[in-house]
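# A structural walkthrough
Below are the chains, spelled out letter by letter.
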Amino acid sequence: TNTNTIAQLRLPSSDASCVHLAAHVFSPSLHAAMLPKEYRIPMPISVEEYHVGQLYMIAKHSNQNTDKGGEGVEVIQNHPIEDEVHGKGQFTEKRIHVGSSLPGWMRSMIPNFFYITEKAWNYFPYTETEFTCSFVPKFHIRVITRYEDNPGDNDECMEPTVDGNGAPVVREVDVIDIVHEEIPEKHRKECANLTTFVSEKTGRGPFTGKDWMTKHSPMMCSYKVVEARFEVWGLQTRVERFMHRSVRDVLLVGHNQAVAWLDEWHGLTMEQIREYEAKMQAEANTKLGGKKKSTAGAAGVAGVVRAAGAAAAADGGASTEGATAATAATAADPPPSDVKVAEL
């Protein structure tokens, strides 16, 4: 959305004031470097097993993250696709509505058409997901994922990251240890201590020692290249770092739970998974009063966006208007411990 288009809209006074702040901060000519990172998350399961486990996780979180006052995810598109390189897959487009979860004073500043768009191209074991914001045109998160049966030691798994001119961009590699890293306090009850965990169905665990990734079989790794963009003058570096911190928490919690819930989903057939998905969706719809919406992923993405807003507000060097616009657009709640699992 450009400022000329915004000027032609007839908005309520609260919406117009917020758009004015956004137009003041966002520069169409701003093309600062993004902050890419490669995350590697080893897990003691196989890629074939995780195809079922991933679907189970999404369905379960769809139900858990839904309540009668919760936000909804509107499915815009959901259809099969085919790619010359990756083969057959599924494309989904969703609108994640987060407005009513904001504080009251924040809602008075946020346009009523505020939402986050998620587009996903799933060619398991390869996926691409991107998140954009209807109100913050310079906000963008892109996640490229590939799953492989190894402990995370394949340096050639992911394609190099390049900038707009095709030049290579150096990216940091961050290995997430789901066994030994500290879980954010708010999510500790939802996760398991994998140093004492033993799967009854598979006999896997406990996972001890810093070298657990090389001692257990099977072992897979979720390779994820995350490109975070927040091209707002004076805020970009700080906000993008907060965005990565939030994404990292999502990945740590979600992959820990994939192992912690192993006995719940291991051995299920695809038909059983589809039945479980239908059951969880029905329960979610009941909580939302029968509306065909679900909050799967909404809390997670909103948490990432809220963290970005908190970073902007905390930047003492930024202008008041800039911090206010970024905070309003990103719902400044405490980062990033309130993040729930999104479909990253």
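Residues numbered from 1 in each chain as written. Predicted model: local features only at pLDDT ≥ 70, side-chain atom pairs only at ≥ 80, totals over all residues. Heavy atoms only, no water.

### Let's talk about the environment of Asp-174
Threshold: Here a helix means four or more residues in a row that DSSP labels H or I, a strand means two or more in a row labelled E, and each is numbered from the N terminus. Contacts: residue pairs with any heavy atoms within 4.5 Å of one another. Polar contacts, as used here, are pairs of N or O atoms within 3.5 Å; protein pairs need one atom able to donate a hydrogen and one able to accept it. Residues neighboring in sequence count only if both atoms are side-chain atoms.
Among the secondary structure elements, Asp-174 is positioned in strand β9 (residues 172–175). The spatial distance from the C-alpha of Asp-174 to the C-alpha of Glu-38 is 6.1 Å, given a sequence separation of 136 residues. In this structure Asp-174 touches Glu-38, Tyr-39, Arg-40 and Arg-248, once residues within four positions along its chain are discounted. A distance of 2.7 Å separates the side chain of Asp-174 from the side chain of Arg-248, its partner in a polar contact.

### Considering the packing of aromatic side chains
Heads up, the condition is: Side-chain rings of Phe, Tyr and Trp (the six-membered ring for Trp) are treated as a pair once their centres are within 6.5 Å; stacked means planes under 30 degrees apart, edge-to-face means over 60, and tilted covers the remaining angles. Placement of a charge over a ring requires the Lys NZ or Arg CZ to be within 6 Å of the ring centre, with the centre-to-atom vector within 35 degrees of the ring normal.
This model, assessed by the stated rule, comprises five aromatic pairs. The structure contains a cluster of three or more aromatic residues connected by ring pairs, namely Tyr-50, Phe-124 and Tyr-147. For the cation-ring pair, Lys-60 lies above Trp-261, with the distance from its terminal atom to the ring centre recorded as 3.8 Å. Here Arg-245 stacks its cationic end above the ring of Phe-242, 4.9 Å away from the centre of that ring.

### Regarding the side chain of Gln-54
Going by this rule: Partly exposed residues are those whose accessible area sits between 20% and 50% of the maximum for their type, while under 20% is buried and over 50% is exposed, using a 1.4 Å probe and protein chains only.
Secondary-structure assignment places Gln-54 in helix α3 (residues 47–64). Gln-54 gets classed as buried once you look at its relative accessible area, which sits at 11%.

### Brief notes about the pattern of salt bridges
Here is the rule: Within this document, salt bridges are pairs made up of a side-chain nitrogen of Lys or Arg and a carboxyl oxygen of Asp or Glu, the two lying within 4 Å of each other.
Scanning all chains against the criterion turns up 14 salt bridges. A salt bridge links Glu-172 to Lys-37; its shortest N-O distance comes to 3.6 Å. Taken as a pair, Glu-172 in strand β9 and Lys-37 in strand β1 (residues 35–43) lie far apart in primary sequence, 135 residues in all. Classification of Glu-172 as partly exposed rests on a relative accessible area of 43%. Among the salt bridges present, the one from Asp-174 reaches Arg-248, with a minimum N-O distance of 2.7 Å.

### A word on the pairing of strand β6 (residues 139–148)
Applicable threshold: The pairing criterion is simple: DSSP has to find at least two bridges between the two strands.
Most of β6 is tucked away, with eight of its ten residues classed as buried. The loop that links strand β5 (residues 126–133) with its antiparallel partner β6 comprises five residues. Here β6 pairs with strand β10 (residues 220–230) via ten bridges, running antiparallel. Bridge assignment links Arg-146 to a residue of β10, and that residue is Tyr-223.

### With respect to the nonpolar core
For the record, the criterion: Think of a nonpolar core as a cluster: buried Ala, Val, Leu, Ile, Met, Phe, Trp, Tyr and Cys residues, connected wherever their side-chain atoms sit within 4.5 Å.
Judged by nonpolar contacts, the single largest core of 54 residues is most densely connected at Met-43, Tyr-50, Ile-178 and Phe-230. The biggest single contributor to this core is helix α6 (residues 236–260), with nine residues. Residue contacts for Tyr-50: discarding those within four places in its chain leaves Met-43, Ile-45, Phe-124, Tyr-147, Met-220, His-255 and Ala-258. Among the nonpolar cores identified, the runner-up in size contains ten residues, and Tyr-126, Cys-157, Met-158 and Val-225 belong to it.

### Quick look at α6
What counts is decided by this rule: By definition here, a helix of n residues has an expected span of 1.5 Å times n minus one.
Between its terminal C-alpha atoms α6 stretches 36 Å, which fits the 36 Å expected from 25 residues at 1.5 Å a residue. Of all 25 residues making up α6, 21 are buried, and the element is well covered by its neighbours.

### Details of the confidence of the model for the protein
For any part of a model where pLDDT is low, the fine detail of the predicted coordinates should not be relied upon. We count it as follows: The predictor attaches a confidence to each residue, called pLDDT, with possible values from 0 through 100.
Across the protein, pLDDT averages 74, with 64% of residues at or above 70. Scored below 50 in pLDDT, residues 1–31 shows 41 contacts in the model against residues more than four places distant or in partner chains. Contacts for the low-pLDDT stretch residues 291–299, under 50 throughout, to residues beyond four places or in other chains number 35 contacts.

### Description of the state of the cysteines
For the record, the criterion: Cysteine sulfur atoms that come within 2.5 Å of each other are treated as a disulfide pair.
Tallied over the entire structure, the rule returns zero disulfides. Not part of a disulfide, Cys-221 finds its nearest cysteine sulfur in Cys-157, a span of 7.3 Å. Note on Cys-221: relative accessible area 0%, which makes it buried.

### Quick notes on unusual backbone geometry
Cis peptide bonds are those with omega within 30 degrees of zero, and the linkage from Phe-124 to Pro-125 qualifies with 15°. Relative to the assigned elements, Pro-125 resides in the loop between β4 (116–123) and β5. Cis geometry is found at the peptide bond from Gly-205 to Pro-206, where omega equals -5°. By the secondary structure assignment, Pro-206 is in the loop between β9 and α5 (212–215).

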